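# Examination of the molecular architecture
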Amino acid sequence: MSALDQMYQDVILDHSKRRIGEGLAGADATLLPGESAAGTHHEFNPTCGDQILVRVGLDGDTVTSLTWQGDGCSISMAAASVLAEMAPQTDVHTLRRQIDGFREMLRSRGTAEPDEELLGDGVAFAGVAKFVARVKCAALAWVATEAALMQAGVERE
Amino acid sequence: MPTGTSPALTTPVPGALNNERARELAAQFPLLQRSVMDQPLVYLDSGATSQRPQSVLDAEFDFLRSSYSAVHRGAHTVAVEATDAFEQARETVANFVGAGPREIVWTSNATEAINLITYAFSNASAGSNGAGEASQQFRLGPGDQIVVTESEHHANLVPWQELCARTGAELRWIPVDDHGVLDLPAVDSVITEQTRVVSFTHVSNVTGAVNDVAALVDAARKVGAFTVLDACQSVPHLPVNFHELGVDFAAFSGHKMLGPTGIGALYGRAELLDVLPTFLTGGSMITSVTMERSEYLPAPTRFEAGTQRISQAVALAEAVRFLDAVGMENVATWESELGQRLAAGVAQLPGIRLIGPQPGVDRVGLASVVVEGVHAHDVGQLLDVAGVAVRVGHHCAQPLHRRLGVTATTRASTYLYNTTDDVDRLLNELAGVRRYFRLED
């Protein structure tokens, strides 16, 4: 498989079209029925204009929903979609570890063996790590989610 | 003086450009000999920055090895040689753009040149730094208007926004049509008796359109407004004569015209530059300094505070000699042909939208496209693995992209070293993009 095909994996091409979680559950962090906390965060990449607004809803330590609205390249949109598929019903602390693991994988320049058990479909982005210019694209939604969790009152462990 | 090209190099000879001549020229550019992803590099990003021929690289290095010293200070032999080379470079560049040497101010880049003008207006408005009564003409305040266009590079927009914020003047703009091309009939309603400055680009860095400078200068003159021309994309690609164009000020950068980064220039009509308030102040630009106050040298030196970009100026002059040897008419004709080939080729590709002038309408060798359903970054990635280097993104023109309803475009831009084969390789790769992303069978 070429480096290009390693980056544009089927999972990524599919998710960039399916866009799971697209469409915000709420305009802001105002609580929806069944939520004990919520947070939103807008992330913008000024170099390419890609942007995303992520909303996370929680019930105690459980993520009830992760929805987003954004505009960007296939990598950034697929990364948001994969995360939105994984997050619901996940424990927030697990989600945090997944975000940390995802970041670590992207920063490895392709040297780290991705942890499929932790990251699930997120490992499809391992090929992006070899294209340094695209790492920010993959990270956009995940970084926004990290900030949204913080706004929802989830402290670092 | 021991500056100039090394003897092994051939100086370009004048004559119409064609593929064969373009390949001969490309052979003089070391970087263009490299490959990317195991394929010969097709460099179509000269609108962002151009590559440099060996003669320009040598000119800077030779100067540094033989005559480099501080300029306009010191009486030793090397300092005199350096000062001569620095001022000769100014004369060479001035001749190239149809200006007098005293009308060319060295800046770091075109962005700094435009900031110089806006801060000079600002300083006049604040009542400081003036050159007497004549500086009053640059005062701005509430009720005054500054006019730009919707297609400006951020470098010719943000400084004017800031100037308006500092002075209370109002920013207005000439709109663009659905292709991103200036809506000239709208000019009459945008430029009014209150307009004090009209600042616009000569050639759009997104659409490749060549704007009607004469029409805009006429409209500005009718209301007594100053004109500022962003010539970043015109000076490298077209014969440009600022005196003939009749603009008051203009900005261009060295790195887009085969020269180094770190050097650009501001052009100003001599009678305006001499009374324009200063921007950066300090060493080198003064006549007498007391603890209370200072007096300044005439233009252009009064705008050149601190140690200057000396070897960069020398190298830029060598770039100008290279362009002169090829002939700017030849460059413009060849790049027009490449631009039309680009535009016509793109227009034939299904699912790809050409921004800017449509095929057959005047443009330089630059075209931006939207591949429907595929983000520009993904397009750029596919082109890169095919060895084709283009620019993707908003090209520092977010308002224009917003007006066209896109966040990013893919831009190909040529120079004198590109061939029709380069254009065809790009078109060939573009044709496969939608298939790769499964939007076509």
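These numbers were taken from a predicted model, which means no experiment stands behind them.

### Topic: the UniProt feature "domain: NIF system FeS cluster assembly NifU N-terminal" (unreviewed entry) in chain A
Within this numbering scheme, the UniProt entry marks residues 8-137 of chain A as carrying the feature "domain: NIF system FeS cluster assembly NifU N-terminal" (unreviewed entry). Along residues 8-137 of chain A, the helical share is 35% and the strand share 22%, with 13 Å between the first and last C-alpha atoms.

### Examining the interface of chain A and chain B
Each partner contributes residues to the interface: chain A has 10 residues there, and chain B has 11 residues. Tallied by class, the residues present in the side of chain A that touches chain B amount to 5 nonpolar, 4 polar and 1 charged.

### Some words on the environment of Thr409 of chain B
All names here are of chain B. Considering the arrangement of structural elements, one finds Thr409 in strand β17 (residues 409-413). Looking at Thr409, the number of C-beta atoms within 10 Å reads 28, which means it is buried. Each residue touching Thr409, except ones within four places of it in the same chain, is listed here: Val206, Ile355, Ser368, Val369, Val370, Ala376 and His401.

### Thoughts on the domain arrangement of chain B
Residues and elements named next belong to chain B. Domain assignment breaks chain B into domain 1 (40-51 + 327-436) and domain 2 (77-323). Computed from C-alpha coordinates alone, the two centres of domain 1 and domain 2 are separated by 28 Å. Listed by partner, the interface residues are 29 residues for domain 1 and 28 residues for domain 2. Secondary structure elements with two or more residues in the side of domain 1 that touches domain 2: α11 (328-347), β14 (366-371), α13 (398-403) and β17. Tallied by class, the residues present in the side of domain 1 that touches domain 2 amount to 13 nonpolar, 10 polar and 6 charged.

### Some remarks on the sheet that holds strand β6 (residues 170-174) of chain B
Residue and element names in this part refer to chain B. Sheet architecture is open: 7 strands sit in the order β4-β10-β9-β8-β7-β5-β6, paired in mixed fashion. For this open sheet the edge positions go to β4 (104-107) and β6, each flanked by a neighbour on one side alone. If you compare each strand with its neighbour and ignore which way they point, the axes differ by 20 degrees on average. Across 3 bridges, the pairing between strand β8 (residues 226-230) and strand β9 (residues 249-253) is parallel. Pairing of Leu229 across the sheet is with Ala250, part of β9.

### Focus on the packing of helix α2 (residues 10-18) of chain A against helix α3 (residues 74-86) of chain A
Residues and elements named next belong to chain A. Two numbers describe how α2 lies on α3: the axes approach to 7 Å, and their chain directions differ by 80 degrees. It follows that α2 is roughly perpendicular to α3 by the angle criterion. Between α2 and α3, the contacting residues are Ile12, Leu13, His15, Ser16 and Arg18 on the first element and Ser74, Ile75, Met77, Ala78, Ser81 and Val82 on the second.

### A few points about helix α10 (residues 310-326) of chain B
Residue and element names in this part refer to chain B. Counted at 1.5 Å a residue, the expected span for α10 with its 17 residues is 24 Å, and the 25 Å between its end C-alpha atoms agrees. Of all 17 residues in α10, 15 are buried, a share of seventy percent or more. A positive phi of about 100 degrees marks Gly327, the residue just after α10.

### With respect to unusual backbone geometry
Working note: non-glycine residues mostly have negative phi, and peptide bonds are mostly trans. Residue and element names in this part refer to chain B. For the peptide bond that leads from Ala299 to Pro300, omega is 0 degrees, which places it in the cis range. With respect to the helices, strands and loops of the structure, Pro300 is situated in the loop between β12 (294-296) and α10. With a phi angle near 75 degrees, Ser284 is a residue other than glycine that sits in the positive phi range. Among the secondary structure elements, Ser284 is positioned in the loop between α9 (270-273) and β11 (286-289). Here Arg438, not a glycine, exhibits a phi torsion of approximately 60 degrees, which is positive. Of note, Arg438 is situated in the segment after α15 (433-436). Accessibility expressed as a C-beta count within 10 Å gives 13 for Arg438, which makes it partly exposed.

### Quick look at α2 of chain A
Residues and elements named next belong to chain A. Burial in α2 covers these residues: Ile12, His15 and Ser16. One face of α2 carries all of its buried residues, which in axial projection span an arc of 105 degrees. Where the residues of α2 are buried, they touch α3.

Calculation notes
Residues numbered from 1 in each chain as written. Chains lettered and ligands numbered in written order. Predicted model: local features only at pLDDT ≥ 70, side-chain atom pairs only at ≥ 80, totals over all residues. UniProt positions renumbered as here; feature names shortened; annotations may be inferred. Helix = DSSP H or I, 4+ residues; strand = E, 2+ residues; numbered from the N terminus. Contact = placed C-beta atoms within 7 Å. Nonpolar A, V, L, I, M, F, W, Y, C, P; charged D, E, K, R; others polar. Buried ≥ 20, exposed ≤ 12 C-beta atoms within 10 Å, placed from the backbone. Domains from an automatic or database assignment. Pairing = 2+ DSSP bridges. Axes fitted to C-alpha atoms, helices over the stretch in contact; angles between N-to-C directions. Parallel < 35°, antiparallel > 145°, perpendicular 65-115°, else oblique. Expected span 1.5 Å × (residues − 1). Arc of directions from axis to C-beta.

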